[in-house]
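Descriptive structure summary
Chain residues, written in single-letter form:
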There are 4 protein chains.
Amino acid sequence: MEQKARVLIDCEDQKGLVYKISKVFFEKNLNIENNREFVDSDSGKFFMRSVVSGQFCSKKLREELIEVLPQHANLQVIEPNRKKIVIFVTKEAHALGDILIRYDDGELDVDIEAVISNHDTLRELVRRFDIPFIHIPTEGLSREEHEEVVVEQLDKLEFDYIVLAKYMRILNSSFVAKFPKKIINIHHSFLPAFVGANPYKQAYERGVKIIGATAHFVTDELDEGPIIAQDTINVNHRFDWKDMQNAGKDVEKVVLSRALKIVLNDRIFVNGNKTIVF
Amino acid sequence: MEQKARVLIDCEDQKGLVYKISKVFFEKNLNIENNREFVDSDSGKFFMRSVVSGQFCSKKLREELIEVLPQHANLQVIEPNRKKIVIFVTKEAHALGDILIRYDDGELDVDIEAVISNHDTLRELVRRFDIPFIHIPTEGLSREEHEEVVVEQLDKLEFDYIVLAKYMRILNSSFVAKFPKKIINIHHSFLPAFVGANPYKQAYERGVKIIGATAHFVTDELDEGPIIAQDTINVNHRFDWKDMQNAGKDVEKVVLSRALKIVLNDRIFVNGNKTIVF
Amino acid sequence: MEQKARVLIDCEDQKGLVYKISKVFFEKNLNIENNREFVDSDSGKFFMRSVVSGQFCSKKLREELIEVLPQHANLQVIEPNRKKIVIFVTKEAHALGDILIRYDDGELDVDIEAVISNHDTLRELVRRFDIPFIHIPTEGLSREEHEEVVVEQLDKLEFDYIVLAKYMRILNSSFVAKFPKKIINIHHSFLPAFVGANPYKQAYERGVKIIGATAHFVTDELDEGPIIAQDTINVNHRFDWKDMQNAGKDVEKVVLSRALKIVLNDRIFVNGNKTIVF
Amino acid sequence: MEQKARVLIDCEDQKGLVYKISKVFFEKNLNIENNREFVDSDSGKFFMRSVVSGQFCSKKLREELIEVLPQHANLQVIEPNRKKIVIFVTKEAHALGDILIRYDDGELDVDIEAVISNHDTLRELVRRFDIPFIHIPTEGLSREEHEEVVVEQLDKLEFDYIVLAKYMRILNSSFVAKFPKKIINIHHSFLPAFVGANPYKQAYERGVKIIGATAHFVTDELDEGPIIAQDTINVNHRFDWKDMQNAGKDVEKVVLSRALKIVLNDRIFVNGNKTIVF
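Here goes a summary of the coordinates provided.

Rules behind the numbers
- Residues numbered from 1 in each chain as written.
- Chains lettered and ligands numbered in written order.
- Predicted model: local features only at pLDDT ≥ 70, side-chain atom pairs only at ≥ 80, totals over all residues.
- Heavy atoms only, no water.
- Patch = residues over 30% accessible without salt bridge, like charges linked within 9 Å, V, L, I, M, F, W, Y side chains within 5 Å.
- Areas by Shrake-Rupley, 256 points an atom, 1.4 Å probe, with all protein chains shown as cover.
- Salt bridge = Lys/Arg side-chain N within 4 Å of Asp/Glu carboxyl O.
- Lys, Arg positive; Asp, Glu negative; His and termini not counted.
- Charge placed at Lys NZ, Arg CZ, Asp CG, Glu CD.
- Helix = DSSP H or I, 4+ residues; strand = E, 2+ residues; numbered from the N terminus.
- Buried < 20%, exposed > 50% of the residue type's maximum accessible area, 1.4 Å probe, protein only.
- Pairing = 2+ DSSP bridges.
- Axes fitted to C-alpha atoms, helices over the stretch in contact; angles between N-to-C directions.
- Contact = heavy atoms within 4.5 Å.
- Buried area = accessible area lost by both parts, 1.4 Å probe.
- Polar contact = N/O pair within 3.5 Å; in protein donor to acceptor, adjacent residues only side chain to side chain.
- Nonpolar A, V, L, I, M, F, W, Y, C, P; charged D, E, K, R; others polar.

What follows covers a negative patch on the surface. All names here are of chain A. Side chains of E144, E145, E148, E152 and D155 sit close together on the surface and give a patch of like negative charge. Position of D155 relative to the elements: it lies in helix α5 (residues 143–155). Residue D155 is classed as exposed on the basis of its relative accessible area, which comes to 61%.

Printed below as a string of structure tokens:
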């Protein structure tokens with residue numbers, strides 16, 4: 001029976017890696033449907049993503065590949081699957097709404113396990129798509145306590161990624177540490193410009209002629225995680241910061257969905273604080 | 001005899017300004033060839049740029065306009081003229097070269113009085129276009145002393161604007177204070193990201209997916225002056241910082257020339273730390 | 001009581017028009033919140049859009065303006081209102097879904113009276129937003145007969161614009177003639193490239209490096225109506241036509257919504273086969 | 001002694017090609033500095049570009065590769081070299097000027113053998129850079145006769161590519177046939193929109209909101225050759241066709257130089273009427 005796998009390799013660079021890896025594929029009689037490699041000369045690391053098809057046992061393929069790879073290589077053999085996400089939101093509908101439409105349309109190969117929010121605003125929108133909406137208010141709770149409640153809810157769910165679709169709260173280190181490379185955020189500026197709160201106001205006050213959005217993995221440092229996707233649009237003096245905010249919504253939602261597709265299709269490597277997107 | 005003038009007004013907003021101004025134009029039998037207004041509701045300021053044609057005396061037009069404008073209004077009545085610039089460079093040819101070609105082609109309505117450089121690298125290129133090249137080495141001179149020599153040279157020249165076409169030295173406050181709103185710089189990043197030295201290296205290290213360039217007026221604070229024009233291009237993990245630098249050259253030169261045209265055509269107002277570009 | 005109106009003027013150009021119009025505003029003690037003018041030197045036509053506020057009677061304002069305008073001037077004095085639209089779709093969800101989310105979020109100042117489709121595919125999505133879905137199958141009907149049924153349905157509705165959100169049928173002249181400047185279409189190419197059916201396939205076969213989308217008013221000639229908004233994105237040899245189609249969805253929906261906002265805010269003039277967008 | 005080569009392979013797709021090719025590299029102890037592959041599933045063709053370094057004999061490397069490739073494979077083993085070009089121009093300076101500046105700056109790894117023009121307009125600009133300028137007037141000559149004179153001149157020169165930097169004449173089939181995949185043109189529209197003469201006028205008349213430029217290989221059919229690079233910029237109703245033409249210059253020159261770099265670095269395959277750019 002014909003199968004397919006995404007093979008992701010991330011290891012120390014060495015002469016002959018492409019040869020050794022493609023030899024394994026060839027000897028197992030696999031088709032290479034897609035193949036991308038990259039050597040980061042700074043870190044001396046080799047990255048490769050192959051989509052292979054044929055008749056094979058994933059476990060065996062893994063073993064044979066590990067044998068030809070350098071020590072400490074990271075190897076993933078992923079059978080294309082429907083991933084599961086949990087979405088965090090606050091009050092803004094556009095980024096969530098965009099994901100919901102794509103999900104409903106089958107454009108995003110994903111199951112949305114739940115939408116979690118610190119506000120009740122978006123309950124109705126989520127209900128329209130028959131997805132559980134979990135409202136976890138912050139009133140009377142410290143940041144730590146609130147996150148504990150969130151984690152309790154997450155513990156009941158199965159998911160691959162947490163998507164912050166305009167979740168307007170900063171996550172604690174302890175929370176972030178639980179989900180390394182598993183939290184995707186959309187920040188409403190072309191980072192590293194305008195880190196932190198209200199970037200459109202900052203942008204307006206600086207008088208910039210372009211605004212943008214950045215999707216990135218969340219790390220311990222605010223808005224400093226590895227960037228997955230970015231885009232910008234032009235603005236001018238006629239835009240006050242509310243206009244910038246409105247115009248920015250379209251970039252935010254498109255950039256977040258672009259990032260989501262990259263992640264869901266296993267097309268990304270994290271390389272230090274950078275990413276490689278194939 | 002048919003004349004033309006650019007009328008630039010910048011004053012406190014008031015009801016009836018458009019009416020009062022256009023009344024002056026109408027009663028003097030002027031054609032309005034182009035008209036743009038903007039009210040900045042934050043500062044309560046009114047900005048207007050009109051291109052008028054007809055038979056008129058600029059001085060009289062000025063007087064009649066002043067009469068209908070609020071106190072402290074800034075009014076310029078400019079007869080379109082060929083402006084004069086001095087270009088400062090260091091070693092990179094692309095931004096200077098782009099200006100030289102546009103100048104040679106008559107695309108930029110400008111006279112280049114001289115090119116001043118702290119290095120001798122670009123002498124030959126400037127010579128090709130029969131423009132004076134003034135090499136002012138920095139060896140053995142403090143920043144202040146070097147700028148004194150530069151000012152000595154500038155004193156011999158007549159010019160409207162100084163264009164920093166990749167001049168890789170920071171100018172002292174005292175120098176900048178001499179030429180308010182008269183120095184145009186191209187910074188090789190989408191400001192406010194990557195202020196200061198080697199923005200491409202900073203961009204590379206941050207792992208951004210877009211890079212850009214910003215043309216701005218130089219003020220006392222490094223890379224903080226009012227932005228005239230900005231643009232960005234996409235990069236990816238295959239770009240090391242040298243590749244970013246090379247790819248960035250095209251944005252830098254195009255953005256600088258775009259800014260230069262805006263300034264030379266009197267299409268810009270400085271509004272605090274922002275600009276209005278008509 | 002403070003009121004607001006959008007004043008749209010479209011007439012033969014004449015000396016003094018800005019003066020005469022702003023005089024009316026001034027004498028009625030109106031604030032000009034926003035003002036844009038344009039003279040098309042080709043056609044010798046003058047276009048002006050002002051947003052005015054104050055205490056006034058729209059009818060009287062109209063009369064006084066007409067008095068100062070040239071003969072045959074088109075004048076609209078529009079009190080900002082919530083417009084009504086009917087959306088036509090076929091099977092694709094992305095453009096419709098984008099409008100629904102914006103509508104649900106209050107971003108689009110509009111009432112959606114109904115969604116009409118030649119297929120039943122999107123019934124469920126429309127139902128989620130509690131909007132009437134009218135399925136008008138084409139089976140057994142000629143184009144004329146089908147449109148007659150559509151018109152019957154439209155006759156029961158009140159609406160300002162028809163939005164073709166990927167309606168994959170060509171409309172007859174007789175239908176189009178009923179709704180001049182009232183039908184907005186999104187075409188999935190940067191017109192005038194790739195008119196007609198399957199532009200992504202055409203684009204793929206031509207080997208282009210950019211694809212795009214165009215929102216335009218529908219006229220009698222296929223894909224030849226006045227363009228409201230356009231945008232493009234980059235593609236490369238890795239995109240087959242299905243990939244182009246998928247990538248194109250984001251441009252289509254963003255361009256259509258941008259056009260819709262322009263139209264709903266009365267920010268557009270049709271000038272022959274061109275548009276002026278203020 | 002360390003050498004470098006660009007290996008370009010273009011053949012029927014087969015299982016094991018990457019393995020067989022990388023085996024040759026591995027056994028010759030070569031480093032793969034850069035590697036890109038693509039399979040065009042439409043045509044069933046495999047494309048690969050590798051940059052290899054090490055100690056090797058190009059002829060032998062060629063032979064060993066040919067042995068493992070399918071019949072009729074196209075194989076190029078290119079030692080990076082400085083290519084030679086001849087530039088054709090008419091009267092416009094911007095595209096030529098941009099190439100001259102990049103050439104003078106060492107940014108383009110190229111020798112410009114001559115500039116050939118049907119007008120004398122750009123003689124002075126070319127002279128500034130000490131490059132032969134050959135004026136071949138068309139007066140009194142049929143298209144065929146003019147091209148004969150051009151070919152006579154070309155016969156005296158050695159060159160790899162002809163670059164049409166706004167050469168405003170259509171080339172005959174017989175001329176084009178002499179230089180297959182060797183003539184690069186910049187067309188001033190986003191092809192396939194606005195084929196032929198005066199695309200800016202066509203764009204203006206159609207009322208488009210974007211304009212663009214296309215660099216392509218010249219084939220027998222006007223503006224129909226394989227596209228190398230394209231880009232677009234936004235315009236609006238304020239642009240008459242002269243403004244579009246001026247704004248378009250920046251896109252034209254940047255797109256042409258981008259295409260030129262792709263070609264000079266052997267980063268392109270022609271695949272039917274499409275291109276693959278690595």
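We now examine the sheet that holds strand β5 (residues 83–89) of chain C. Residues and elements named next belong to chain C. Reading across from one edge, β7-β6-β5-β8-β9-β10-β11 is the order of the seven strands in this open sheet, with mixed pairing throughout. Each edge of the open sheet is held by one strand with a lone partner, namely β7 (133–135) and β11 (227–234). Averaged over all adjacent pairs, the angle separating strand axes in this sheet is 20°, with direction ignored. Strand direction decides the pairing type here: β5 and strand β6 (residues 110–117), joined by seven bridges, are parallel.

On the side of chain B, 33 residues touch chain A, which itself brings 33 residues to the contact. When the two sides are added together, the surface that chain A and chain B hide from each other amounts to roughly 2,800 Å², 52% of it contributed by carbon and sulfur. Interface area lost by chain A to chain B is led by R206, K209 and H237 of chain A, which between them contribute 26%. Joining chain A to chain B, the criterion identifies two salt bridges. Taking the shortest distance from any N to any O, the salt bridge between R206 of chain A and E224 of chain B comes out at 3.8 Å. Along the contact surface separating chain A from chain B lie 21 residue pairs in polar contact (both at pLDDT 80 or more). Among the elements of the structure, β2 (31–40), α7 (199–206), β11 (227–234) and β13 (274–277) of chain A are those that each provide at least two residues to the side of chain A that touches chain B. The greatest single-element share of the side of chain A that touches chain B, amounting to five residues, is contributed by β11 of chain A. In the side of chain A that touches chain B, the residues fall into 15 nonpolar, seven polar and eleven charged.

Take the side chain of T232 of chain D next. Mapped onto the elements, T232 of chain D comes out in strand β11 (residues 227–234). Under the relative-accessibility criterion, T232 of chain D is labelled buried at 14%. Polar side-chain contacts of T232 of chain D include one of 2.8 Å to the side chain of T232 of chain C. Dropping the residues within four chain positions of it, T232 of chain D is found in contact with I210 and T232 of chain C together with F190, I211, G212 and V251 of chain D.

This brings us to the sheet that holds strand β4 (residues 74–78) of chain B. All names here are of chain B. Read from one edge to the other, the open sheet built from four strands follows the order β2-β3-β1-β4, with strand pairing classed as antiparallel. Where the open sheet ends on each side, the last strands, each with one partner, are β2 (31–40) and β4. Taking each pair of neighbouring strands and ignoring which way they run, the sheet shows an average axis angle of 10°. Pairing geometry for strand β1 (residues 3–12) and strand β3 (residues 45–54), over ten bridges, is antiparallel. Looking at the pairing, D10 lines up with F47 of β3. The strands touched by helix α2 (residues 58–68) within the sheet are β1, β3 and β4, with β4 carrying the most contacts at an inclination of about 155°.

Attention shifts here to the interface of chain C and chain D. Tallying the contact residues gives 33 residues for chain C and 33 residues for chain D. Of the roughly 2,800 Å² buried between chain C and chain D, counting both surfaces, carbon and sulfur atoms make up 52%. When the buried surface of chain C facing chain D is broken down by residue, R206, K209 and H237 of chain C rank first, second and third, together holding 26% of it. At the surface where chain C touches chain D, the tally comes to two salt bridges. If you look at where chain C meets chain D, you find 21 residue pairs in polar contact (both at pLDDT 80 or more). Listed by contribution, the elements that provide at least two residues to the side of chain C that touches chain D are β2 (31–40), α7 (199–206), β11 and β13 (274–277) of chain C. When residues of the side of chain C that touches chain D are assigned to their parent elements, the largest contribution, five residues, is made by β11 of chain C.

Let us now look at a nonpolar patch on the surface. Residue and element names in this part refer to chain A. A surface patch of nonpolar side chains, amounting to about 230 Å² of accessible area, comprises I170, V195 and L222. Relative to the helices and strands, I170 resides in the loop between β8 (161–164) and α6 (173–178). Look at I170 and you get partly exposed, because its relative accessible area is 47%.

Honestly, that's just the spatial picture; any functional story needs more than this.
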